[in-house]
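# Overview (structure and organization)
Each chain, letter by letter, is given below.
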Amino acid sequence: MGLLGIGAFAKASRLSPKALRLYDELGLLTPARVDPVTGYRRYAPEQLDQARLVAWLRRLGMPLARIRQVCALEAGSAAEEIRAFWAQIEAETAARRDLAAFLVNHLSWKDPAMSPKSEPLSIRYAALSDTGLVRESNQDTVYAGSRLLAVADGFGGRGAPASEAAVDAFKRLETDGLPTGSLLNVLDDAIEQAKSAVHGVSTADASSDEAGTTLSAMLWTGSQLALVHIGDSRVYLLRDGELLQITHDHTMVQSMVDEGRLSPEEAASHPQRSLLARALGPGADAAPDMRLHDAEEGDRYLLCSDGLSTVVPAEEIRRVLTGTGDPERAVRELVALAIDFGGPDNVSCVVADVTGPEAAGS
């Protein structure tokens, strides 16, 4: 079969002539021959497979620059690149789904305090932080109050003031009233203030390495907890004896797990498991996860830095949380457990129990 004109090739490849011209200009799909006088493009039949691949990848929504990379790879490597791209799309879709759920829940939620038949629940809480056995200083910041729970894990030359600045940006939510219908906006404002505060800390000392921090914070509304999360600190929920991790680690290794390039077992011992993909700090992707959780009496929440979660097995964490009735005792035992496992990092915990209205406070 001879060369195909652009019209015939467009029909066979399911790409429009306009798209073919664009892909030629971008060097993505170069014609086999171009008439030097008329500029008419002709394509070889063996180019159809690549053209159809381009068409399918465009239907996936893949950017042209990434399609060029895929088309330059061998089949196996191209398949891995497509798998990684789609895992990224699914992660982004999940984040948008969480935000949509947050909006739906928030806009449709009725405050139990407004109902004569129900009373808002309360929380009992405790927080504890320790330097550990290896680090020279503690760059974690923890906070637990009647409305706000937070853990931040700083890094870099000014990691400690960075984590403190992030938590301080949220502390005003303890005392400021929450305008009706404005929870999402209040949280968004607090996030922006935290970003600005951490950036200010990082750039205050030109002789120091850039600093940043993780942040996992929960704002208590009386029957719901609004979660803001970025980085690899974690939030767990213990409900009916089952321990659930309700945050997703924003690390490069976790991204590789999500893309199917690493197993969870391989990720646990990966040398770069602490390399963050998202954090608060200059130059970092600072887009947090946000969601609402309906609380039930008897729920127990744990917020912790990775000095606990990457050192102590989840089953050991669950054992402590189920076996200790008091939040103060629980945080002490969890920190002690991390120390027993070598204490290689700062370790910080907040434990909060959802209780009836009469049991409020720490």
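Structural data are supplied above this passage.
Criteria and cut-off values
- Residues numbered from 1 in each chain as written.
- Predicted model: local features only at pLDDT ≥ 70, side-chain atom pairs only at ≥ 80, totals over all residues.
- Heavy atoms only, no water.
- Axes fitted to C-alpha atoms, helices over the stretch in contact; angles between N-to-C directions.
- Helix = DSSP H or I, 4+ residues; strand = E, 2+ residues; numbered from the N terminus.
- Parallel < 35°, antiparallel > 145°, perpendicular 65-115°, else oblique.
- Left-handed = near helix turned anticlockwise from the far one by under 90°.
- Contact = heavy atoms within 4.5 Å.
- Salt bridge = Lys/Arg side-chain N within 4 Å of Asp/Glu carboxyl O.
- Buried < 20%, exposed > 50% of the residue type's maximum accessible area, 1.4 Å probe, protein only.

### Describing the packing of helix 6 (residues 159-171) against helix 7 (residues 183-203)
- Running from N to C, helix 6 and helix 7 cross one another at 155°; their axes reach a closest spacing of 8 Å. It follows from the interaxial angle that helix 6 and helix 7 lie roughly antiparallel. For the element pair helix 6 and helix 7, the recorded crossing hand is right-handed. Between helix 6, through Pro161, Ala162, Ala165, Ala166, Ala169 and Phe170, and helix 7, the contact on the second element is made entirely by Leu187, Ala190, Ile191, Gln193, Ala194, Ala197, Val198 and Val201.

### A short note on the pattern of salt bridges
- On inspection of all chains with the given rule, the structure shows 17 salt bridges.
- In this structure, aspartate 345 and arginine 135 form a salt bridge, with 3.1 Å as the shortest nitrogen-oxygen distance. Note that aspartate 345 is positioned in the loop between helix 12 (327-340) and strand 14 (347-355) and arginine 135 in the loop between strand 4 (122-130) and strand 5 (140-144), a separation of 210 residues in sequence.
- When its relative accessible area of 14% is taken as the criterion, aspartate 345 is described as buried.
- Judged by relative accessible area, which is 45%, arginine 135 ranks as partly exposed.
- One salt bridge connects arginine 239 with glutamate 296, and the closest N-O pair in it is separated by 3.6 Å. Placement of arginine 239 in strand 10 (residues 234-239) and of glutamate 296 in the loop between strand 12 (289-294) and strand 13 (300-304) is noted, with a sequence separation of 57 residues between them.
- Arginine 239 sits in the partly exposed class, given a relative accessible area of 22%.

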